[in-house]
Structures are given as C-alpha cells and as structure tokens.
Protein chains: 2
Amino acid sequence: MENRKRIEVCFSPYLFPLFKEEFDIIVVIDVLRATSAICAAFDNGVEKLIPVSTIDEAKEYQAKGFLVGAERQGKIVEGFDLGNSPYSYMTDKVKGETVVLSTTNGTRAINLAKDCETVVIASLTNLESISEWLAEQNKNVLCLCSGWQNKFNLEDTICAGAISEYLLNTGNFTSNEDSSIAAKYLYLSAKDNILGYLKSSSHRRRLRNLNLNKDIKYCLTPNQTDVIPVLKDDALVKMDI
Amino acid sequence: MENRKRIEVCFSPYLFPLFKEEFDIIVVIDVLRATSAICAAFDNGVEKLIPVSTIDEAKEYQAKGFLVGAERQGKIVEGFDLGNSPYSYMTDKVKGETVVLSTTNGTRAINLAKDCETVVIASLTNLESISEWLAEQNKNVLCLCSGWQNKFNLEDTICAGAISEYLLNTGNFTSNEDSSIAAKYLYLSAKDNILGYLKSSSHRRRLRNLNLNKDIKYCLTPNQTDVIPVLKDDALVKMDI
C-alpha cells in the first residue's frame, strides 16, 4: 500500500502551483484541440514541436522561417499557416519539420509545467498508449488539464479521469485528491458515449459555433495513435517506445 | 430564453477572480464544516457572526471580550472556545450573542466575496430554503465552493450541484460553465446516498481521522434548518424570510 504511486488531476493551470512540487511526471491535456493536434502532428512525422505562450514569440519564430501555428479563441490567428486543428497536421508538408505552436490554453499549460522532471502530452487520441507507458514508470503522476481560459472544462477532465482509472486499476497507484476522484466519476459516466456526454459542454458549444464538428469528432475518438510527445530541452519530440 | 439568469459553480477560491464580476449573488459553501456550523449557529439564536480570515484577527476580537471560534486543520485552535463543529453552536450560551469565527477555508471564502452585491451562506442543511430563496431573486447566481486549501472538494461541489439542479429545473436559469455542468452531474450521481458517495473523499477521510463522524453525518443531512445567513456590513445575520 505505502509503495503505491499517486495519480492526481489538476483542473486548471491556475491551480497548478498547489500541486506541482509533489509530482515526477506532468501529463498535459488539452483535448479540444491543442494536445490532440500535437499527437496528430507527431503521428504525421513532425520532428520537433516548440510550444510558445505568446503570439509575439510565434511571430519571432515565423520571421526566422519556421513553420508556425497560432490559435486564439478557436481560430487560426491571421498571418499564420496552421492552427490547432489536428487535420492541419495531416499533410506531407510537416514531415520531418520543426513546428512552432501557440494556442489559447494548451501550449501555455505545457510551458507552465516545463521545469518539472518529465512532461508528456496526452489526448483521447493517444489514451491507451500514454496510460500503458505511465503504468510502467513507477512515478507520481499529475494530469494537468489546460481548461478554458484557466477554468475547468469537461473534456480534459474526462481524459484525465480515463488515465486515472487505468492507473488505479493496475493496483500500483492511488488518488488522494477529490479532483481525481471526481474526474474518475465523470469519466465513468461519460465513457460509453463521450460525444453525447459532452454535447452540453460549454467548450464544445463554442467550437460548434465555429463549424468544427469534424475536429471535435476526431478529438473525442480514443486511441487513434500510439505516439507519446515528450518535452526535451523546451521542445516536444516523439518518445522512443 | 434570453431572459434566463445564470447559475454557475466556482470550484475554488483561487478561481473566483475569473468569475466574480458577472454575478449579483454569491453563495458561499463549506459543507465540512464552516457553513454548516454557521447555519446551525443562526438556527440556535446567534444574533450576528463576524467571519475573520486570520487567527490574529480572531485573537483581537477575543481580547475585546467576544465569543470567538477558530479552527485550523479540522481542530479548534488552542485558546479558543469554539471551532467549526455545528454541535458547538447548539447551546444556550450563543443565543442572542455576536460570534466571531475563523476557519481554514470557509471564512476566507466569505471574505473574498464580501465586495459583491449579495453574499449568502449555503450548506446541505439549509439546501431547500436557500434554493427556494435564490429561485425568487431573478439574479445571476454564483456558488463559491470553499474547497480544501484552495483545491476542489467533492462535498461543496455536490451542494453547489444540488442548488444548480433546483434552479435549472425552474426553467428560469441556465448554466454556461463546464464546472456547473460537472457539479450537477456529480450531485445527480450522489444524491441518493451522499454519505456513501463521499466515503472516499479526501476531506471526509481527513475528518474521520479526527473522529468527527457525528459532525459529518449532521453536515451531510439535507434540510435541517430554514435559516439563510446573509452578509451585511461585514457580518453575517439571519435573513428575514
């Protein structure tokens, strides 16, 4: 019992300072759509992805000739080639490239976590792969939900709940925080019909207004890739597994 | 539709700055045990209750001869007469008195909210009464969960979810935030057996270690009083209803 590692869930980047000291591995989650897009990018051969927090940083990289994605409020920022639609990374032009990405919530969460020992990227699309890898590490794991403008969101919580449920079922992990218990409850209610469960969620409604139903369906479909993006020297790379 | 008012849930005092501007009524919730104790205090004839954030403030009031309660980490602070057990207010000695109270989470949340138009106190013990009153106000309502050391907790969320469910069912309210949707889901899962549902919650486990099972059972039993404490000039008084 006392040898079990912890799997906990942090609902918002705002709350992350209350958690960060206690964990070896931070799992950053932004299901709609940054971390789903990042997984898609590596699945399609991107070599390296540099997450930046501000549009100014994104512009600096663009001026240096990098391929740069920038999204705010669900839309590609004017003047950039890519946003955070997973489909925008399903193209040969990203293969072998270094991509720079700035999004409303997800890349900020990655940068918040970057001083931690290990930072990996999860979405529903790489759920099984990341869960299996985490189960093998014997480390304390924190799922950091990117949320929406620092507020709680359902889709990141459900993804975190799914990872928690997997790790708890191994018998080698325990959850102490009520947020982790709630995330697991919410995942168990949602798992048989994630799309239906989220139909009333604020963020999905927001994206639906932007006509992103195809993206949403992709992002909410589990286990489409086995890539695990990991942070190494301030850039994400595909983990060798 | 466009005339409906909002009922939303904020999971932590840390997140309150992201919400506060948009709401007319703030409902402060600290089920285990500050707001349950405050409701019990007014139910037992307390005239006025002054919430203070720090032990130093509590000591200043004590030096002036006030009846003072102070709790930290679930225990009465040494040198004070009262803590945040509802049972400590079920005595004739509080009748007609002004009580000063400082607790780990609840009184801080009250003081955070005090610049807002209207601040009222909810717990499961006055659930029906507060829900009915809120339904009549035609105002935007935010449930502010006190949480545990600024983190999410289940029991406050379930109470907030119960209030949300009541107001949404009137047809005159709507929820836009995912936190509100999640609180409602969690309440609906919990409502038939709140004590059982919370058996794994971190805070209940913490209190059980302090032998507070009698308090917990009281605090998790809905509708034991119809008092509605309301903030007036920095002190709580019983609302005339």
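Everything here concerns the structure above.
Residues numbered from 1 in each chain as written. Chains lettered and ligands numbered in written order. Predicted model: local features only at pLDDT ≥ 70, side-chain atom pairs only at ≥ 80, totals over all residues.

Re helix H6 (residues 178-190) of chain A
Residues and elements named next belong to chain A.
Part 1: With 13 residues, H6 ought to run about 18 Å at 1.5 Å a step, and its terminal C-alpha atoms sit 18 Å apart, in line with that.
Part 2: A large share of H6 lies buried, amounting to eleven of its 13 residues.
Part 3: Burial in H6 covers these residues: Asp178, Ser179, Ser180, Ile181, Ala182, Ala183, Lys184, Tyr185, Leu186, Tyr187 and Ala190. (Helix = DSSP H or I, 4+ residues; strand = E, 2+ residues; numbered from the N terminus. Expected span 1.5 Å × (residues − 1). Buried ≥ 20, exposed ≤ 12 C-beta atoms within 10 Å, placed from the backbone.)

Description of the packing of H6(A) against helix H6 (residues 178-190) of chain B
Between two packed helices, both the angle of their axes relative to each other and the distance between the axes serve to describe the pair.
Part 1: Axis separation between H6(A) and H6(B) bottoms out at 11 Å; the angle between their running directions is 80°. The angle between H6(A) and H6(B) falls in the class roughly perpendicular. Only Ala182(B), Tyr185(B), Leu186(B) and Ser189(B) of H6(B) make contact with H6(A), whose side of the interface consists of Ala182(A), Tyr185(A), Leu186(A) and Ser189(A).
Part 2: Across the contact of H6(A) with H6(B), the residue classes tally to six nonpolar, two polar and no charged. (Axes fitted to C-alpha atoms, helices over the stretch in contact; angles between N-to-C directions. Parallel < 35°, antiparallel > 145°, perpendicular 65-115°, else oblique. Contact = placed C-beta atoms within 7 Å. Nonpolar A, V, L, I, M, F, W, Y, C, P; charged D, E, K, R; others polar.)

Notes on unusual backbone geometry
Residues and elements named next belong to chain A.
Part 1: Each neighbour pair has its own omega, and for Leu32 with Arg33 the value is 10°, a cis peptide bond.
Part 2: Relative to the helices and strands, Arg33 is located in the loop between strand S2 (25-29) and helix H1 (34-43).
Part 3: You will see that Gln73, though not glycine, has its phi angle at about 55°, which is positive.
Part 4: In this structure, Asn223 is a non-glycine residue whose phi angle is positive, near 60°.
Part 5: Relative to the assigned elements, Asn223 resides in the loop between helix H9 (213-219) and strand S10 (229-232).
Part 6: Overall, the presence of 12 C-beta atoms within 10 Å leaves Asn223 in the exposed class.

As for the environment of Asp81(A)
All names here are of chain A.
Part 1: With respect to the helices and strands, Asp81 occurs in the loop between strand S5 (75-76) and strand S6 (98-102).
Part 2: For Asp81, a count of 13 C-beta atoms within 10 Å translates into the label partly exposed.
Part 3: For Asp81 and Ala70, which are eleven residues apart along the polypeptide, the C-alpha to C-alpha distance reads 8.0 Å.
Part 4: Residue contacts for Asp81: discarding those within four places in its chain leaves Leu67, Val68 and Gly69.

Description of the pairing of strand S4 (residues 67-72) of chain A
Residues and elements named next belong to chain A.
Part 1: Alignment of S4 against S6, held across four bridges, turns out to be parallel. Looking across to S6, one finds that Leu67 is bridged to Val99.
Part 2: Bridging between S4 and S5 involves two bridges; their strand directions are antiparallel. Pairing of Arg72 across the sheet is with Lys75, part of S5.
Part 3: Counting the residues that bridge the hairpin from S4 to S5 gives two residues, and of these Gln73 lies at a positive phi of roughly 55°. (Pairing = 2+ DSSP bridges.)

Focus: the relation of the copies chain A and chain B
Part 1: Overlaying chain A on chain B yields an RMSD of 0.0 Å, the required transformation being a rotation through 180° with an accompanying axial translation of 0.0 Å. Both copies are brought into coincidence by an operation consistent with a two-fold rotation axis. (Least-squares fit on C-alpha atoms with pLDDT ≥ 70 in both.)

A word on the interface of chain A and chain B
Part 1: Taken together, the contact pairs 24 residues of chain A with 24 residues of chain B.
Part 2: Elements with a contribution of two residues or more to the side of chain A that touches chain B: helix H5 (154-169), H6 and helix H8 (202-209) of chain A.
Part 3: Considering each element in turn, the side of chain A that touches chain B owes the most residues, seven residues, to H6(A).
Part 4: When grouped by side-chain class, the residues that make up the side of chain A that touches chain B number ten nonpolar, eleven polar and three charged.

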